[in-house]
Amino acid sequence: MEEFNSGEEILQVVFNPDEISVSVKECVEGVIGGTDYNQSKVNQWTASIVEHSLTHLVKQGRPFKYIVNCTIMQKSGAGLHTANSCYWDTATDGSCTVRWENRTMYCVVSVFAVAVAL
Amino acid sequence: MLLEREITSWKRHKAGFVVEDVSTIIKESVEATIGGNAYQHNRVNQWTTSIVEQCLSQLSKLGKPFKYIITCVIMQKNGAGMQTASTCFWDNSTDGSCTVRWENKFVYCIVSVFGLAI
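- Per an unreviewed UniProt entry, chain B goes by the name Dynein light chain Tctex-type 1 and belongs to Oreochromis aureus.
- Per UniProt, chain B carries the Subcellular location (unreviewed entry) text "Cytoplasm, Cytoskeleton".
- Here is the UniProt Sequence similarities (unreviewed entry) comment for chain B, exactly as written: "Belongs to the dynein light chain Tctex-type family."

## Quick look at the interface of chain B and chain A
No. 1: Counting from both sides, the interface comprises 38 residues of chain B and, opposite them, 39 residues of chain A.
No. 2: Interface area for chain B against chain A, summed over the two sides, is near 3100 Å², with a carbon-plus-sulfur share of 59%.
No. 3: Residue D93 of chain A pairs with K67 of chain B through a salt bridge whose shortest N-O separation is 2.9 Å.
No. 4: If you tally residues by element for the side of chain B that touches chain A, the top one is strand β1 (residues 66-76) of chain B, at eleven residues.
No. 5: The class makeup of the residues in the side of chain B that touches chain A is 21 nonpolar, 14 polar and three charged.

## Details of the state of the cysteines
Linking two cysteines covalently through their sulfur atoms gives a disulfide.
Residue and element names in this part refer to chain A.
No. 1: The tally for this structure, following the rule as stated, stands at zero disulfides over all chains.
No. 2: With no disulfide of its own, C86 lies 12 Å from the sulfur of C96, the closest cysteine sulfur.
No. 3: There is no disulfide at C107, and the cysteine sulfur nearest it, in C70, is 3.9 Å away.
No. 4: With a relative accessible area of 1%, C107 lands in the buried category.

## Section: helix α3 (residues 44-61) of chain B
No. 1: Between its terminal C-alpha atoms α3 of chain B stretches 26 Å, which fits the 26 Å expected from 18 residues at 1.5 Å a residue.
No. 2: Among all positions of α3 of chain B, only V44, W47, T48, I51, V52, C55, L56 and L59 of chain B are buried. On an axial view of α3 of chain B, the arc spanned by its buried residues comes to 155°, and they lie on one face.
No. 3: Buried residues in α3 of chain B make contact with β2 (80-87) of chain A together with α2 (19-33), β1 and β4 (107-117) of chain B.
No. 4: Once α3 of chain B finishes, G63 of chain B follows within two positions and takes phi at roughly 70°, a positive value.

## Notes on the sheet that holds β1 of chain B
No. 1: Read from one edge of the open sheet, four strands run β2(A)-β1(B)-β4(B)-β3(B), paired in antiparallel fashion. Looking at strand neighbours, the two that pair on one side only are β2 of chain A together with β3 (96-103) of chain B, the edges of this open sheet. In this sheet, neighbouring strand axes are inclined to one another by 10° on average, regardless of whether the strands run parallel or antiparallel.
No. 2: Examined bridge by bridge, β3 of chain B and β4 of chain B share eight bridges and lie antiparallel to one another. The residue bridging G96 of chain B from the neighbouring strand is G115 of chain B, located in β4 of chain B.

## Let's talk about the pairing of strand β3 (residues 94-101) of chain A
Residues and elements named next belong to chain A.
No. 1: Only one face of β3 is buried, namely the one carrying G94, C96, V98 and W100, since none of S95, T97, R99 and E101 on the opposite face is buried.
No. 2: In the sheet, β3 pairs with strand β4 (residues 105-115) via eight bridges, with the strands oriented antiparallel. Paired with G94 across the strands is A113, a residue of β4.

## Here's the deal with helix α1 (residues 17-32) of chain A
Residue and element names in this part refer to chain A.
No. 1: For α1, spanning 16 residues, the distance from its first C-alpha to its last is 22 Å, which sits close to the expected 22 Å at 1.5 Å a residue.
No. 2: Those residues of α1 lying buried are I20, S21, S23, V24, C27, V28, V31 and I32.
No. 3: On its buried side, α1 packs onto α2 (42-59), β1 (64-74), β3 and β4.
No. 4: Looking at where α1 begins, the residue whose side-chain oxygen comes 3.3 Å from the main-chain nitrogen of D18 is N16.
No. 5: G34 sits one or two residues past α1 and shows a positive phi near 80°.

## A few points about the nonpolar core
No. 1: Within the largest apolar cluster, 28 residues are counted, with the highest numbers of intra-cluster contacts made by V28, I32, I49, I72, C107 and V109 of chain A.
No. 2: Among the secondary structure elements, those contributing two or more residues to this core are α1, α2, β1, β3 and β4 of chain A.
No. 3: Sequence-distant contacts of I72 of chain A, defined by excluding residues within four places in its chain, comprise I32, Y37, V42, W45, T46, I49, M105, Y106 and C107 of chain A together with G81, M82 and Q83 of chain B.
No. 4: Ranked by size, the runner-up nonpolar core spans 27 residues in total, among them V30, L56, Y68 and W102 of chain B.

Reading the values: the criteria
- Residues numbered from 1 in each chain as written.
- Chains lettered and ligands numbered in written order.
- Predicted model: local features only at pLDDT ≥ 70, side-chain atom pairs only at ≥ 80, totals over all residues.
- Heavy atoms only, no water.
- UniProt positions renumbered as here; feature names shortened; annotations may be inferred.
- Contact = heavy atoms within 4.5 Å.
- Buried area = accessible area lost by both parts, 1.4 Å probe.
- Salt bridge = Lys/Arg side-chain N within 4 Å of Asp/Glu carboxyl O.
- Helix = DSSP H or I, 4+ residues; strand = E, 2+ residues; numbered from the N terminus.
- Nonpolar A, V, L, I, M, F, W, Y, C, P; charged D, E, K, R; others polar.
- Disulfide = S-S within 2.5 Å.
- Buried < 20%, exposed > 50% of the residue type's maximum accessible area, 1.4 Å probe, protein only.
- Expected span 1.5 Å × (residues − 1).
- Arc of directions from axis to C-beta.
- Pairing = 2+ DSSP bridges.
- Axes fitted to C-alpha atoms, helices over the stretch in contact; angles between N-to-C directions.
- Polar contact = N/O pair within 3.5 Å; in protein donor to acceptor, adjacent residues only side chain to side chain.
- Core = buried A, V, L, I, M, F, W, Y, C linked by side-chain atoms within 4.5 Å.

Right, dumping it as structure tokens:
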């Protein structure tokens, strides 16, 4: 009996947090690396970070819905605490959080990926 | 005949992401957890966890066919600036989000709920 190999690749539907973490860090560096906290610009920065991150994720072409969340906070001694909770399919869905800081501000970016039923 | 059509349209609306219901759930959860308390570094961890868990259990009790992602940020009021942005890549006709900003004399609390249809 001859074996028939269709030659099709199996599309892997698994969330890869390390890869995403690297691309998000580059994105943040590109937008606010080397700048100080500036109240008039922070609005554009957060919008820019989430848009670039999302564009990069969508380009990968995987069957996921994405939510990208970015918080920038000025360093002035205030306390900040964040928490996330997710009700999803732990086998296919996942999240990744990147913490970045410089001398004058903190930046926290969270990416959530939810698999789409094909 | 008119009554049947109204009931069907109400059912279809209720099956989707209803912002008012979710907003109420979030507000009650935050009030019950933080209430009039001041920012306490050693308790804020429990507060964020408690808020997201309460919200999640109330939302799953709604019994809708959704996956949920809940984010909670608690910040001490001391003059620091903070900016948050989110962007989502999903199905506009079925998915939705709701963000509640709450404050008392001592803290700000921002809770976001994202609902993705299965």
